[in-house]
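One letter stands for each residue in the lines below.
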Amino acid sequence: MRDNTRHYRELFLGDVKMMDVRAPVEFDKGAFPNVINLPLMNDSERQKVGTCYKQNGQQAAIALGHELVMGKLKAARIEAWANFARANPEGYLYCFRGGLRSQITQQWLKTEAGIEYPRVVGGYKAMRGFLFDTTRAAVEECQFVLVGGLTGTGKTEVIAQLANSLDLEGHANHRGSAFGRRATPQPAQIDFENRLAIDILKKRHAGTEQFVLEDEGRIVGSCSVPLELYQGMQHYPLVWLEDSFEQRVERILKDYVVNLCADHVQVVGEEGGFESFAAYLRKSLSGIVKRLGGERYQRLAAIMDEALEEQKRSGAVDLHRGWIEGLLGEYYDPMYAFQRESKGERVEFRGTQDEVVEYLRFRAER
């Protein structure tokens, strides 16, 4: 097992290309970076073979699998595997447990295409377990410090400047607030956990033993922070980032209006991009209507509608400052001020962005 663990480390540290021969439904639930799904069986075929296995045993299931994947269909799949193997001679293939499916893939590649290609012993399940242990070990063995601050102070900008940071929002592809959804979708939960673990693995391999995280809730969009890490975050020391109200408004205007609108246009297209962006903003505001209260929501929604109409007409974004200022002053700041008071004993430093970055770099070296 120790040798296998060493091999898994090498695979992830080296960003080795791998071929996942599990069915698409399995792959979609979670996979690894640098992996392509080239299944031995599609979802329908897998379901039929699984039912046969339960009713009639392994040999009958194997026979059915060969019946379902034969002729031109079999040749096409072997050709796809062979193309991958030739393009990635240092790569590997795997199935769920490193068993029958990956062995059959190996056999067909060798007999039909003349290619001997290695498989990962233990398969997806063992590699997934290795990454789970990687995160757990870091929580037990490393130091962590959190970056907190009011909305719009640029906590993510601080994280980006530090070599020993773990960007939870980046891995989750979400900014972590009610307005945090990006134009592109979030990863599956398992994908999020795998990406985070590989980030930890690489940084620890480079010598990092003290990590910096943004102070987050348990849920980042639809992704949940691993439980053991989140539990630790309730006790880790805090560094508090400060900035002026005006600067925070400008940062939010840039990130959540100018840049996000451009992202929607890039993803959806020039014609529908703005409408997609506008719908997203309105939906985000309506998502917190209960916490805002009806009167406040109606007032801020009217300001947002006027701002969106002006932006669509002229491209100007100045009017967006109205609802941003209202949300900060009346909703986010009071909420974060309460949180700051409840976490006050854990705050070991306060400062501007440059001061916080300098302090955290010094902290990691001492």
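The residue count restarts for each chain, going from 1 along the sequence in the order it is written. Reporting in this predicted model follows two pLDDT cut-offs: at least 70 for local features of residues, and 80 or more for side-chain atom pairs to be given and counted; totals over whole chains, interfaces and linings ignore these cut-offs and use all residues. To get the side-chain values, all heavy atoms of the structure are used, and hydrogens and water are removed first.

An account of the side chain of His171 is needed here, citing residue identities and associated values.
Within the element layout of this structure, His171 appears in helix 9 (residues 168–172). For His171, a relative accessible area of 16% corresponds to the buried category. Filtering out sequence-adjacent residues up to four positions away, His171 remains in contact with Pro187, Phe192, Arg195, Leu196 and Asp199. Strands here mean DSSP runs of E at least two residues long; helices mean DSSP runs of H or I at least four residues long; both are numbered from the N terminus. Exposure is judged per residue with a 1.4 Å probe applied to protein chains only, and the accessible area is read against the type maximum: over 50% gives exposed, under 20% gives buried, and values in between give partly exposed. We call two residues in contact when some of their heavy atoms are within 4.5 Å.

Can you break down the nonpolar core residue by residue, with the values?
In this structure, Phe179, Leu285, Trp323 and Leu327 are the most contacted members of the largest nonpolar core, which totals 28 residues. Of all elements in the fold, only helix 12 (245–268), helix 13 (270–286), helix 15 (294–314) and helix 16 (320–342) reach the threshold of two or more residues within this core. Ranked by the residues each element gives to this core, the list is headed by helix 12, at seven residues. The set of buried Ala, Val, Leu, Ile, Met, Phe, Trp, Tyr and Cys residues whose side-chain atoms join them within 4.5 Å is what this entry labels a nonpolar core.

Tell me about the state of the cysteines, and please be specific about residues and values.
Throughout, a disulfide means two cysteine sulfur atoms within 2.5 Å of one another. In the structure shown here, the tally under the stated rule is zero disulfides. You can see Cys95 has no disulfide; the closest cysteine sulfur is in Cys52, sitting 18 Å from it. The class of Cys95 is buried, set by a relative accessible area of 3%.

So what's going on with the sheet that holds strand 9 (residues 238–241)? Which residues, and what values?
We call two strands paired when DSSP finds no fewer than two bridges between them. What the five strands build is an open sheet, ordered 5-6-4-9-10; its pairing is parallel. In this open sheet, the two edge strands, each paired with only one partner strand, are strand 5 (165–166) and strand 10 (347–351). Where strand 5 meets strand 6 (residues 210–214), two bridges bridge the pair, whose relative direction is parallel. Bridge pairing in strand 6 links Ser165 to Val212.

Please set out the UniProt feature "active site" (unreviewed entry) in the protein chain residue by residue, giving values where relevant.
UniProt positions are given in the numbering used here, feature names are shortened, and annotations may be inferred rather than shown by experiment. Under the UniProt annotation, "active site" (unreviewed entry) lies at Cys95. Relative to the helices and strands, Cys95 is located in the loop between strand 3 (92–94) and helix 6 (100–113). Apart from residues lying up to four places away in sequence, Cys95 is in contact with Val21, Arg22, Arg101, Ser102, Gly123 and Tyr124.

Please set out helix 17 (residues 353–365) residue by residue, giving values where relevant.
Working rule for helices: expected span equals 1.5 Å times residues minus one. A rise of 1.5 Å per residue sets the reference length of helix 17, with its 13 residues, at 18 Å; its end C-alpha atoms lie 19 Å apart and thus fit the reference within 8%. Of the positions making up helix 17, those classed as buried are Gln353, Val356, Val357, Tyr359, Leu360 and Arg363. Along the axis of helix 17, the buried positions cluster into a sector of 165 degrees, meaning they face one direction only. Residues of helix 17 that are exposed and point over 90 degrees away from its buried face: Asp354, Glu358 and Glu365. Against the buried residues of helix 17 lie strand 4 (143–149), helix 8 (155–160), strand 6, strand 9, helix 12 and strand 10. This arc is taken over the directions from the axis of the helix to the C-beta atoms.

I'd like to hear about a negative patch on the surface, residue by residue, with values.
Where like charges cluster on the molecular surface, the negative patch consists of Glu242, Asp354, Glu355 and Glu358. By the secondary structure assignment, Glu358 is in helix 17. The exposure class assigned to Glu358 is exposed, which follows from its relative accessible area of 59%. Patches draw on residues past 30% relative accessible area with no salt bridge. Two like charges within 9 Å are joined, as are two nonpolar side chains (Val, Leu, Ile, Met, Phe, Trp, Tyr) within 5 Å. All accessible areas in this document rest on Shrake-Rupley with a 1.4 Å probe, and a residue is counted as covered only by the protein chains that are shown. The working definition used for a salt bridge is a side-chain nitrogen of Lys or Arg within 4 Å of a carboxyl oxygen of Asp or Glu. When charges are counted, Lys and Arg contribute as positive and Asp and Glu as negative, whereas His and the chain ends are disregarded. Lysine's charge is taken at NZ, arginine's at CZ, aspartate's at CG and glutamate's at CD.

Provide a residue-level description of the packing of helix 13 against helix 15, including the pertinent values.
Interaxial distance between helix 13 and helix 15 falls to 10 Å at its minimum, and their mutual angle equals 170 degrees. With respect to helix 15, the element helix 13 is oriented roughly antiparallel. When helix 13 is examined against helix 15, the residues Phe274, Glu275, Phe277, Ala278, Leu281, Arg282, Leu285 and Ser286 are found in contact with a partner set consisting of Tyr297, Leu300, Ala301, Met304, Asp305, Leu308, Gln311 and Lys312. Polar here means any residue outside two lists: the nonpolar Ala, Val, Leu, Ile, Met, Phe, Trp, Tyr, Cys and Pro, and the charged Asp, Glu, Lys and Arg; Gly therefore counts as polar. Looking at the contact of helix 13 with helix 15 residue by residue, the class counts come to 10 nonpolar, two polar and four charged. Every axis in this analysis is a line fitted to C-alpha atoms, fitted for helices over the stretch in contact. Angles between the N-to-C directions lie between 0 and 180 degrees. An angle below 35 degrees is read as roughly parallel, one above 145 as roughly antiparallel, one from 65 to 115 as roughly perpendicular, and any other as oblique.

Describe the environment of Glu310, naming the residues involved and giving the relevant values.
Within the secondary structure, Glu310 sits in helix 15. Setting aside residues no more than four positions away along its own chain, Glu310 makes contact with Gly315, Ala316 and Leu319. Of the polar contacts made by the side chain of Glu310, one reaches the side chain of Arg313; its length is 2.8 Å. In protein, a polar contact means a hydrogen-donor-capable atom and an acceptor-capable atom, both N or O and within 3.5 Å, with residues adjacent in sequence counting only if both atoms are side-chain atoms; elsewhere, any N or O pair within 3.5 Å suffices.

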